[in-house]
Amino acid sequence: MSESFPRLHARTRRFTLGVPRAFTIAPDGARIVFLRTKGGCDPVTCLWEFDVANGTERLIADPRVIAADEENLPPEERARRERSREQAGGIVGYSTDAAVTTAAFALSGGLYVVDLKTRSVRHLKTPGPVIDPRVSPSGVHVGYVTGGAFHIQDLEDEVDHALAHPESPEVTYGLAEFIAAEELSRMRGYWWSPSGDALLVARVDESPVDRWHIADPANPARPVTEQRYPAAGTANAQVELFVLTLDGARVPVPFDDEYLVTASWDAHGLSIVTLSRDQKNMRLFEVDPATGGSALVREETDPAWIDVVTGVPGHLSDGTLVWAANIDGGHRLVIGDRPVTPSSLQVREILDVDGDAVLFRASGEPTEVALWAYKDGRITLVSPSESGVYNGHTAGGTLVVTGQTLDGEGTTVRVSHHGRPVGNIASHAERPGLDLRVSLIRAGERDLATAVLLPSGHVPGSARLPVLMDPYGGPHAQRVLASSGAYLTSQWFADQGFAVVITDGRGTPGRGPEFERAVLHDLATPVLEDQVNALHGAAERFPDDLDLSRVGIRGWSFGGYLAALAVLRRPDVFHAAVAGAPVTDWRLYDTCYTERYLGHPDEGHYDSSSLFADAEKLDRPLLLIHGLADDNVVAAHTLRLSSALLAAGRPHNVLPLSGVTHMTPQEVVAENLLLLQVDFLRKSLA
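Residues numbered from 1 in each chain as written. Predicted model: local features only at pLDDT ≥ 70, side-chain atom pairs only at ≥ 80, totals over all residues. Heavy atoms only, no water.

J.: So what exactly am I meant to see when it comes to the overall build of the chain here?
T.: On a plain count of helices and strands, the chain comes out with 11 helices and 44 strands. Taking 686 residues into account, the globule formula puts the C-alpha radius of gyration at 26 Å, and the chain, at 25 Å, falls close to it. For the chain, the C-alpha atoms occupy an extent of roughly 70 × 55 × 55 Å along the three principal directions. Out of the 686 residues in the chain, the part that is buried amounts to 58%. Roughly 26,200 Å² of accessible area belongs to the chain as shown, and the carbon and sulfur atoms make up 49% of that amount. Separation between the mean location of the 61 positive side-chain charges and that of the 90 negative ones in the chain comes to 5 Å. (Helix = DSSP H or I, 4+ residues; strand = E, 2+ residues; numbered from the N terminus. Rg over C-alpha atoms; globule rule 2.2 N^0.38 Å. Buried < 20%, exposed > 50% of the residue type's maximum accessible area, 1.4 Å probe, protein only. Areas by Shrake-Rupley, 256 points an atom, 1.4 Å probe, with all protein chains shown as cover. Lys, Arg positive; Asp, Glu negative; His and termini not counted. Charge placed at Lys NZ, Arg CZ, Asp CG, Glu CD.)

J.: What is the right way to look at the pattern of salt bridges in this model?
T.: When charged atoms on two side chains of opposite charge get close, those side chains can pair. One pass over the structure, following the stated rule, counts 41 salt bridges. Residue Glu-177 pairs with Arg-186 through a salt bridge whose shortest N-O separation is 2.9 Å. A single burial state applies to Glu-177 and to Arg-186, both of which are buried. Overlapping salt bridges, with partners in common, bring together Glu-445, Arg-446, Arg-506, Glu-529 and Asp-530 in one network. (Salt bridge = Lys/Arg side-chain N within 4 Å of Asp/Glu carboxyl O.)

J.: What is the right way to look at empty space enclosed by the protein in this model?
T.: Space left empty within the atom packing is revealed by a probe, the size of a water molecule, rolled over the atoms. Applying the stated criterion to the full structure yields 5 cavities of 30 Å³ or more. Considering only enclosed or pocket space, the largest cavity measures out at about 60 Å³ in volume. Lining the largest cavity are Glu-177, Phe-178, Ile-179, Glu-206, Val-209, Arg-228, Pro-230, Asn-236 and Ala-237. In terms of residue class, the lining of the largest cavity is built from 5 nonpolar, 1 polar and 3 charged. (1 Å grid on protein atoms, 1.4 Å probe; cavity = no way out; pocket = protein on both sides within 12 Å on 5 of 7 lines; lining within 4 Å. Points joined across faces, edges and corners; volume = space filled by probe spheres on them. Nonpolar A, V, L, I, M, F, W, Y, C, P; charged D, E, K, R; others polar.)

J.: Can you walk me through the side chain of Thr-402 in this structure?
T.: Tracing the sequence through the fold places Thr-402 in strand β34 (residues 398-404). A residue is classified by how much of its surface remains accessible, and Thr-402, at 14% relative accessible area, is buried. Apart from the residues lying within four places of it in its own chain, the contact partners of Thr-402 are Phe-23, Val-389, Tyr-390, Asn-391, Thr-411, Thr-412 and Val-413. (Contact = heavy atoms within 4.5 Å.)

J.: What should I look at first to understand helix α5 (residues 488-495) in this one?
T.: Since one α-helical turn is 3.6 residues long, residues separated by three or four positions face the same way. With 7 of 8 residues buried, α5 lies mostly within the body of the structure. Along α5, the residues classified as buried are Leu-488, Thr-489, Ser-490, Gln-491, Trp-492, Phe-493 and Ala-494. Contacts from the buried residues of α5 go to α1 (5-11), β38 (448-453), β39 (465-469), β40 (499-504), β41 (546-556) and α11 (667-685). A positive phi of about 115 degrees marks Gly-497, the residue just after α5.

J.: When you look at the nonpolar core in this model, what are you seeing that I'm missing?
T.: Where a protein is soluble and globular, its nonpolar side chains tend to be buried together. If you look at the biggest cluster of nonpolar residues, it comprises 92 residues, and the most contacted ones within it are Trp-323, Leu-333, Val-358, Phe-360, Phe-574, Trp-586 and Leu-622. The residues contacting Val-358, other than those within four sequence positions of it, are Leu-316, Val-322, Leu-333, Ile-335, Ile-350, Asp-352, Val-353, Trp-372, Ala-373 and Tyr-374. In terms of nonpolar packing, the next biggest core, distinct from the first, is built from 29 residues, Leu-434, Ala-449, Val-500 and Phe-680 among them. (Core = buried A, V, L, I, M, F, W, Y, C linked by side-chain atoms within 4.5 Å.)

J.: So what exactly am I meant to see when it comes to helix α8 (residues 558-569) here?
T.: The end-to-end C-alpha distance of α8, which contains 12 residues, comes to 16 Å, matching closely the 16 Å that a straight helix rising 1.5 Å per residue would cover. Within α8, 11 of the 12 residues are buried, which leaves it mostly tucked inside the rest of the structure. Taken as a whole, α8 has its buried residues at Phe-558, Gly-559, Gly-560, Tyr-561, Leu-562, Ala-563, Ala-564, Leu-565, Ala-566, Val-567 and Leu-568. Buried residues belonging to α8 abut α7 (525-541), β41, β42 (576-580), α9 (591-598) and β43 (622-627). (Expected span 1.5 Å × (residues − 1).)

J.: Help me understand the sheet that holds strand β25 (residues 314-315) in this model?
T.: Whenever strands of a sheet pair, they do so through backbone hydrogen bonds, lying parallel or antiparallel. Overall, antiparallel pairing links the 4 strands, which are arranged β25-β26-β27-β28 in an open sheet. The two strands at the open ends of the sheet, each matched to only one other strand, are β25 and β28 (338-339). Sheet analysis places strand β27 (residues 330-335) next to β28, joined by 2 bridges and oriented antiparallel. Across the sheet, Val-334 pairs through a bridge with Pro-339, a residue of β28. (Pairing = 2+ DSSP bridges.)

J.: Explain the packing of α7 against α8 to me, please; I cannot follow it from the model alone.
T.: Two measures define how a pair of helices packs: the angle their axes make with one another and the distance between the axes. Packing of α7 against α8 leaves a shortest axis separation of 10 Å and a crossing angle of 75 degrees. Taken together, the axes of α7 and α8 lie roughly perpendicular to each other. Where α7 approaches α8, its residues Val-527, Leu-528 and Gln-531 are matched on the opposing element by Phe-558, Leu-562, Leu-565, Ala-566 and Arg-569. Of the residues assigned to the contact of α7 with α8, the class counts are 6 nonpolar, 1 polar and 1 charged. (Axes fitted to C-alpha atoms, helices over the stretch in contact; angles between N-to-C directions. Parallel < 35°, antiparallel > 145°, perpendicular 65-115°, else oblique.)

J.: Quick question: what am I supposed to make of the sheet that holds strand β23 (residues 281-287) here?
T.: On the basis of which strands lie adjacent, the open sheet formed by 4 strands has the order β21-β22-β23-β24 and antiparallel pairing. Edge positions in the sheet fall to β21 (259-266) and β24 (294-301), since each of these pairs with one other strand and no more. Pairwise comparison of adjacent strand axes, ignoring direction, gives a mean angle of 20 degrees for this sheet. Two strands pair when backbone bridges link them, and β21 and strand β22 (residues 269-275) are joined in this way by 7 bridges, in the antiparallel orientation. Bridge pairing in β22 links Leu-260 to Thr-274.

J.: What exactly am I supposed to notice about the pairing of β43 here?
T.: A regular strand places its side chains so that they alternate between the two faces of the sheet. Of all 6 residues in β43, 6 are buried, a share of seventy percent or more. What you see with β43 is no split at all: Leu-622, Leu-624 and His-626 on one side and Leu-623, Ile-625 and Gly-627 on the other are buried throughout. Pairing of β42 with β43, which is carried by 4 bridges, proceeds in the parallel orientation. Across the sheet, the residue bridging to Val-578 is Leu-623, located in β43.

J.: Looking at this model, I keep getting lost on unusual backbone geometry. Mind explaining?
T.: Outside of glycine, negative phi angles account for most residues, and trans bonds account for most peptide bonds. In this model, Val-312 is joined to Pro-313 through a cis peptide bond whose omega is 5 degrees. Summarising the element assignment, Pro-313 is placed in the loop between β24 and β25. The phi dihedral of Glu-158 falls on the positive side, at around 60 degrees, and the residue is not glycine. Secondary-structure assignment places Glu-158 in the loop between β12 (149-154) and β13 (160-164). Using a relative accessible area of 35% as the deciding quantity, one classes Glu-158 as partly exposed.

J.: Looking at this structure, how should I read the packing of aromatic side chains?
T.: Each pair of aromatic rings is reported with the distance of its centres and the angle of its planes. Inspection of the entire model under this criterion finds 18 aromatic pairs. Between Phe-34 and Trp-48 the ring centres are 6.5 Å apart and the planes differ by 10 degrees, which places this aromatic pair in the stacked class. Taken as a pair, Phe-34 in strand β2 (residues 31-37) and Trp-48 in strand β3 (residues 44-51) lie far apart in primary sequence, 14 residues in all. Trp-48 shares its class with Phe-34; the two are buried. Their ring planes at 10 degrees and their centres at 5.7 Å tell us that Phe-105 and Tyr-112 sit as a pair that is stacked. Among the residues examined, Phe-105 registers a relative accessible area of 0% and is labelled buried. For Tyr-112, a relative accessible area of 7% gives the class buried. Seen from the ring of Phe-515, Arg-511 lies directly overhead, with NZ or CZ sitting 4.4 Å from the centre. (Phe/Tyr/Trp six-rings, centres within 6.5 Å; stacked < 30°, edge-to-face > 60°. Lys NZ or Arg CZ within 6 Å of the ring centre and 35° of its normal.)

Here it is in structure tokens:
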């Protein structure tokens, strides 16, 4: 390998560049449109098309040929990319009409439309920078947002007009608010009708939300960035819905709940899903677009919280509802009123409804995510039988399956048509060049999914190595998966002389609602207990390889919180910690995420999960790292913990990252962060 892993890891955006993604299949299954960069170190994403009949692909649109200035992004687009964790540039999103003959995308704030047959690209004039352009199903118009106003443009005569203007600077039409994008997986704020003659548009008023200010202390001449941040217990943005017709008519669609989870407008009607502030009640409504009146179709309640499953609601060809719900101890697929999957198979996401077939992702074994199809009362495994993590899409009899396994390197993209393999869509991702030494085990009294990684040159039993715990540990995310890509950074740390242990404890997905709900009202105790339990279980399996007298822990975001928590509350087990972008006081984190697990701050569950009261206990090396431009876990988390540690007279290290957000996308920063962590851990555990 010509360059170090840290540099390659940073340059390739964690080896995601060059991987095909964002697939759209034509209704007849003959063509697949997708995004991909030209190489594993190329950050500019292009639009491509794959011909199913002959297994060939062609380039549709290249930003470098279009010659748009990728760096000139409107602030709303930068925020949208931060919410979606988008790391590449170029054409990072697109939409098509129902026939998949026309596509639209934004590039450097400009609006572009491409004829997918001729590959001709048009740059349409707009009154300002464009956010989230979406072609109508009919292919006649394109909708978009600029300056908070919602616009449509006729694609034939290019006449542009606004259907809704913001009444104040705090109001936007057609965009998802912070909470929707960050916590509810809703990245959009408007939906076309199937005929293309009307739209459901969200009006977001952020004036009730507290103003926060993010400064760049390294550049004091720069003005601060003002942000509306809904911290736990404070006001959220006010979201309203309107049906807008192309002739300018406006019909309000009232709803009572705090959160708009999603909306759907298909051939069977307009539906919305709403969620109460305490997230214990979710309701599905059918909406009359002509009057705005709604009828309750389904209601879910839970004494802890309701899980949001993406991809629902949907409908089979006869209008039967496709839904997902927690029933009898499992996340289950529901068709009509009947659960059709066993409670032992944890449904994670509904991907597509193609006629009477439903494609979904689910886990029987928590380290694996397989693709399943429901049709005619039966479920069938459609991803390969080999253990791995799979995703996919289907339409017109064509199935796209993406996958990673432990034995293979990188992502594979397989295409089949009516069950017959027709070829692969190539991945251009760089090879990490690591020799993975991963053992997946069940550890501790709760049989926790755990990965143990040893250095590639280590002879088992030849030496006891310092241990590095490398968790995330919190809700919604897993680290222990049957996927080689999940362990690249961990293997590199192992090759620096550590035995790396990764554990998914209570609160993480894949093992069902009861396992996830163990963190209700306490994000600290069960999470930390499981890390300790799994560490000891791993040491029992590898007694001659793990040295429990030298244990470090590192993590980012919730993992950073867990790392700091570990050295503060269990210094008998953990001897050093690197905490990146940690949530140190849950009152400083957002409403939807925090209140889901801890309730309202007035209920009294926050202090036991926060770190400030533990500051005086620190007697182990602790490195705190935080991007000063982070608008998700703001730098105040680290700065306030550092102040509490200073007040308690406890030495610690703080590494502030000027201009860095929660994602740390900058190449040099990302590379050196890995090197600095290794250096800190080596010295601390020597």
